[in-house]
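# Notes for the structure review
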Amino acid sequence: MNLIESYLAKAAGLKQVTAGEDISCRVSYVAAHDVTAPIAIKMFREIGVKKVFDPERIILIVDHIYPAATEKARDSVWMMNDFAREFGVKLYHRGEGVIHQLMYEKHRAAPGELVVIADSHTGTCGGYGAVGVGVGSTELAAAMATGKLDLEVPEAVQIYLTGKLPSNVFGKDLILYMGSIFGTDYLTDRGLIISGPGITEFSVAERMTVCNMGIEIGSMITLFGTEERETGVLETREIDLSRLEPMTAKPFSPVNVVPVREVAGLPITQVVIGSCTNGRLSDMEQAAKAFSGKKVHPEVNTLIVPASKEILDGMEARGWCKIFRDAGATVLNPGCGSCFGAHEGLISARDVVVSTTNRNFPGRMGSKKGNIYLASPATAAASALAGKITVPKAECER
Amino acid sequence: MKPIRGKVFVLGDDVDTDQILPGYAMAERYEDMGKFAMAGLSGKSFRDIAAPGCIIVAGRNFGCGSSREQAPIALRQADVAMVVAKGFARIFRRNAINIGLPVFAADISDRLKDGDEIEVDLENGIVTAGGEILQFAPLSENTRKTLEYGGLIPRVRDELHV
């Protein structure tokens, strides 16, 4: 069995599983946010059970639209509040941060544990070895009632990493590059295991970035394995990290990827640094180093979105918030912020954005004609300063 | 399960959830999702551009992107009878089945244009289009069972003896 199979076998209480087999797994954590929880709550009430399987293991988080941008968004928060009081589950509703970061900080699953979140970026927890499966609201409601998730064991594809990463290349560049290899759906219903000696080049934060975007190439479960080569996989592809360079996804797909140098010089109007993909302390450090003592280009709105309050505290303690403000950037509250077109930085048809978030679909941040380029925080910060898409300097320290 | 018959509405590859239901619509009332079905594609409500009971026929990776169940809910509320696509993103596919909206994997979008009529026999995996009978893999027994219940919630109720 490969790593995913052995983890799933354990969660299902079986000695052995094989790809394609339908199994029922015990879940370690079940979570939802303000976009997916309201329907999950409605569906849970339709099931009609009197209690959840384990209130300690169910977490509701208001991250997508906090503070509420509309009355209806506020209604969703009240619905979550009522449910949390009635069933005794954990609720975060004071802007503590994005669900995938808070699960890491406050409810961290051990390697191999199954985490079920009603959000497509649940794979993020594969960065610390947990098995994250993203589901919709109805499936989440069923998991809250039963503590179980039915799934089919996926075939797994292995990425085997070798070599040393150039200093201006990061986890974000790796996952974008992987998108250019696999396209949007090669990994649909499959798992992705990243292994090999090259994994030591990536911190947990960067591994979380890579796993966060596994869904953009269709992956059902994405996780980092060991430095050893996995056996029992469908196929293995090797990537020599020393050959990578800064990458960007052009409009309108996360897999429409080219080296940053190919689009360098394109004038931009907005930069977003943060989110569940790249809003961790090491990401903020890249931006703070770049912005220190400098000003962002006068034509560029620069929005900084830390993934959690804990990260924002760290930024403040290090003086980075002041650096960002002095540079002309705006530090927003922790949460999903500008990523998904509901509030805090919508764009019009005239905008060209460099963003460290995970999606650049048409209309993702507002206008369907607005252009979004996805890139690493180092690329985004260099671009914000120059007012145009810019390759980050090779000497920027990791 | 009875075969499903309807006029088709043809879409391309990689139709993502921001097109099926844009982010701004997600805070709307549950009952109102249908008004925003496919609003991310044309800006118009799907109810105004497609016939009631239509079958969406698409290319690869339909429903990619977000886990928002509001996307298939919006399609169902807009009277979409089912979605046939060359391929589906996993979470969308499961969401659709869990709310009782049939989805079926078949590569037929290239041979059809808007308004053509087709019939899909989910149980036997047969699509009838333009007089031709096309064979595809039938739905799995597990999926069919959930659809026969009308979705996952009635199935779970039954299994938990609620």
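To keep things clear, this report deals only with the structure shown in the data block.

Cut-offs used in this document
Residues numbered from 1 in each chain as written. Chains lettered and ligands numbered in written order. Predicted model: local features only at pLDDT ≥ 70, side-chain atom pairs only at ≥ 80, totals over all residues. Heavy atoms only, no water. Contact = heavy atoms within 4.5 Å. Buried area = accessible area lost by both parts, 1.4 Å probe. Salt bridge = Lys/Arg side-chain N within 4 Å of Asp/Glu carboxyl O. Helix = DSSP H or I, 4+ residues; strand = E, 2+ residues; numbered from the N terminus. Nonpolar A, V, L, I, M, F, W, Y, C, P; charged D, E, K, R; others polar. Buried < 20%, exposed > 50% of the residue type's maximum accessible area, 1.4 Å probe, protein only.

## A closer look at the interface of chain A and chain B
- Each partner contributes residues to the interface: chain A has 43 residues there, and chain B has 41 residues.
- Across the interface of chain A and chain B, roughly 3200 Å² is buried in total on both sides, 55% from carbon and sulfur atoms.
- Looking at the side of chain A facing chain B, the largest losses of area belong to Ile 47, Lys 72 and Thr 138 of chain A, adding up to 16% of the total buried there.
- There are eight salt bridges connecting chain A and chain B.
- Residue Asp 189 of chain A is joined to Arg 90 of chain B by a salt bridge in which the shortest nitrogen-to-oxygen separation is 3.5 Å.
- Listing elements by their share of the side of chain A that touches chain B, those giving two or more residues are helix 2 (37–47), helix 3 (71–87), strand 6 (131–134), helix 5 (137–146) and strand 7 (148–152) of chain A.
- Looking at the side of chain A that touches chain B, the element that brings in the most residues is helix 5 of chain A, giving seven residues.
- A class-by-class count of the residues in the side of chain A that touches chain B yields 19 nonpolar, twelve polar and twelve charged.

## Quick word on the pattern of salt bridges
- One pass over the full model with this rule turns up 27 salt bridges over all chains.
- With its nearest N and O atoms 2.7 Å apart, the salt bridge here joins Arg 60 of chain B to Asp 185 of chain A. With Arg 60 of chain B in the loop between strand 2 (55–58) and helix 4 (70–77) and Asp 185 of chain A in the loop between helix 6 (171–182) and strand 9 (190–195), this pair bridges two chains.
- Accessibility expressed as a relative area gives 35% for Arg 60 of chain B, which makes it partly exposed.
- A salt bridge links Arg 68 of chain B to Asp 18 of chain B, with the nearest nitrogen and oxygen atoms 3.4 Å apart. Taken together, the residues Arg 68 of chain B in the loop between strand 2 and helix 4 and Asp 18 of chain B in helix 1 (residues 17–20) connect sequence positions 50 residues apart. No difference in accessibility class separates Arg 68 of chain B from Asp 18 of chain B, as the two residues are buried.
- Each of Glu 139, Glu 152 and Asp 189 of chain A together with Arg 90, Arg 93 and Arg 94 of chain B takes part in one network of salt bridges that share partners.

## Considering unusual backbone geometry
- Along the chain, Tyr 66 of chain A connects to Pro 67 of chain A via a cis peptide bond; the corresponding omega equals -5 degrees.
- In this structure, the amide linkage connecting Pro 251 of chain A to the following residue, Phe 252 of chain A, adopts the cis form with an omega of -5 degrees.
- In this structure, Phe 252 of chain A sits in the loop between strand 12 (247–249) and strand 13 (257–259).
- For Met 38 of chain B, which is not a glycine, the phi torsion comes out positive at approximately 60 degrees.
- Within the secondary structure layout, Met 38 of chain B lies in the loop between helix 1 and helix 2 (39–42).
- A relative accessible area of 0% places Met 38 of chain B in the buried class.

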